[in-house]
Amino acid sequence: AQTVTQSQPEMSVQEAETVTLSCTYDTSESNYYLFWYKQPPSRQMILVIRQEAYKQQNATENRFSVNFQKAAKSFSLKISDSQLGDTAMYFCAFMITGGTSYGKLTFGQGTILTVHP
Amino acid sequence: DVKVTQSSRYLVKRTGEKVFLECVQDMDHENMFWYRQDPGLGLRLIYFSYDVKMKEKGDIPEGYSVSREKKERFSLILESASTNQTSMYLCASSFAYRFGEDFGEGSWLTVV
């Protein structure tokens, strides 16, 4: 079974600064995807960034980037130039890409990020 | 944009009632999923479906069932609601080989 752990229940950052959210996972699979989802107060889950496990290059989407350390099973999210609209719950998620479990997401517990003006 | 619509945003039901949560997606996605979200536990998968009339148990299927009679609609059924099923329920959908799901806005269910 796969597990995803987010050890930071809450984080805060000042507007325009950089913050890093941590995520570790445990799996014996070799083919998988990792995701970060954002859930603002409206509760609409939004996909922020996606990383394929076979790619060594870290994914980047504008101000969002990841630090993917496959051997350490670590997948952190860095948010640069934080904005008030980044205030949300952030979930790390894992998906196996083969067999009968493909397409199923396993989520971490979530980290509440608050951006202060 | 993909739209995943959950028809009921807020529901209050009594213990023992049968509850239906409906989810409709408009992008011809093959896969559909039901999760529940609880504080400190993240999202947990209840049931999922890869095609019409197909269903697979997720991590916490006990006390729930699902129905997928049409490709665009995936219903979650609580046969006899209990207070421990008070939660937020999220529906999601995706194409078969595109990884990353699109979510609905969630349904808050309170069982009293």
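For the structure, see preceding data.
Residues numbered from 1 in each chain as written. Chains lettered and ligands numbered in written order. Predicted model: local features only at pLDDT ≥ 70, side-chain atom pairs only at ≥ 80, totals over all residues. Heavy atoms only, no water.

(A) Spatial organisation of the overall build of chain B. Helix and strand counts for chain B stand at 0 helices and 11 strands. Starting at the N terminus, the α and β elements of chain B follow one another as β-β-β-β-β-β-β-β-β-β-β. A compact globule built from 112 residues should have a C-alpha radius of gyration of about 13 Å, and chain B, at 13 Å, falls within 12% of that. Projecting the C-alpha coordinates of chain B onto the three principal axes gives extents of approximately 40 × 25 × 25 Å. Across the 112 residues in chain B, those meeting the buried criterion constitute 50%. Partitioning the intrachain contacts of chain B with sequence separation of at least 6 by distance along the chain shows that 56% fall at a separation of at least 24. Approximately 5,400 Å² of chain B is accessible, and the part contributed by carbon and sulfur atoms is 50%. In chain B, which carries 15 positive and 17 negative side-chain charges, the distance between the mean positions of the two groups comes to 5 Å. (Helix = DSSP H or I, 4+ residues; strand = E, 2+ residues; numbered from the N terminus. Rg over C-alpha atoms; globule rule 2.2 N^0.38 Å. Buried < 20%, exposed > 50% of the residue type's maximum accessible area, 1.4 Å probe, protein only. Contact = heavy atoms within 4.5 Å. Areas by Shrake-Rupley, 256 points an atom, 1.4 Å probe, with all protein chains shown as cover. Lys, Arg positive; Asp, Glu negative; His and termini not counted. Charge placed at Lys NZ, Arg CZ, Asp CG, Glu CD.)

(B) Structural context of the interface of chain A and chain B. Each partner contributes to the interface: chain A provides 22 residues, whereas chain B provides 23 residues. Of the roughly 1,900 Å² buried at the junction of chain A and chain B (both faces included), carbon and sulfur atoms supply 56%. For the pair chain A and chain B, the number of links is 0 salt bridges. Between chain A and chain B we count 3 residue pairs in polar contact (both at pLDDT 80 or more) in total. Elements represented by at least two residues in the side of chain A that touches chain B include exactly β5 (32–39), β6 (46–52), β10 (88–96) and β11 (105–107) of chain A. In the side of chain A that touches chain B, the residues fall into 10 nonpolar, 9 polar and 3 charged. (Buried area = accessible area lost by both parts, 1.4 Å probe. Salt bridge = Lys/Arg side-chain N within 4 Å of Asp/Glu carboxyl O. Polar contact = N/O pair within 3.5 Å; in protein donor to acceptor, adjacent residues only side chain to side chain. Nonpolar A, V, L, I, M, F, W, Y, C, P; charged D, E, K, R; others polar.)

(C) Representation of unusual backbone geometry in the model. Residue and element names in this part refer to chain A. A positive phi angle is found at A16, which is not glycine, with a value near 80°. By the element assignment, A16 lies in the loop between β2 (10–14) and β3 (19–21). The residue D81 is not glycine, and still its phi comes out positive at about 50°. Residue placement: D81 occurs in the loop between β9 (74–79) and β10.

(D) Representation of the sheet that holds strand β7 (residues 65–70) of chain B. All names here are of chain B. The 4 strands lie next to each other as β1-β3-β8-β7, forming an open sheet whose pairing is antiparallel. Only two strands of the sheet have a single neighbouring strand rather than two, namely β1 (4–6) and β7. Averaged over neighbouring strand pairs, the angle between their axes works out to 20° when direction is ignored. Bridge count between strand β3 (residues 19–25) and strand β8 (residues 73–78): 6 bridges; the pairing is antiparallel. (Pairing = 2+ DSSP bridges. Axes fitted to C-alpha atoms, helices over the stretch in contact; angles between N-to-C directions.)

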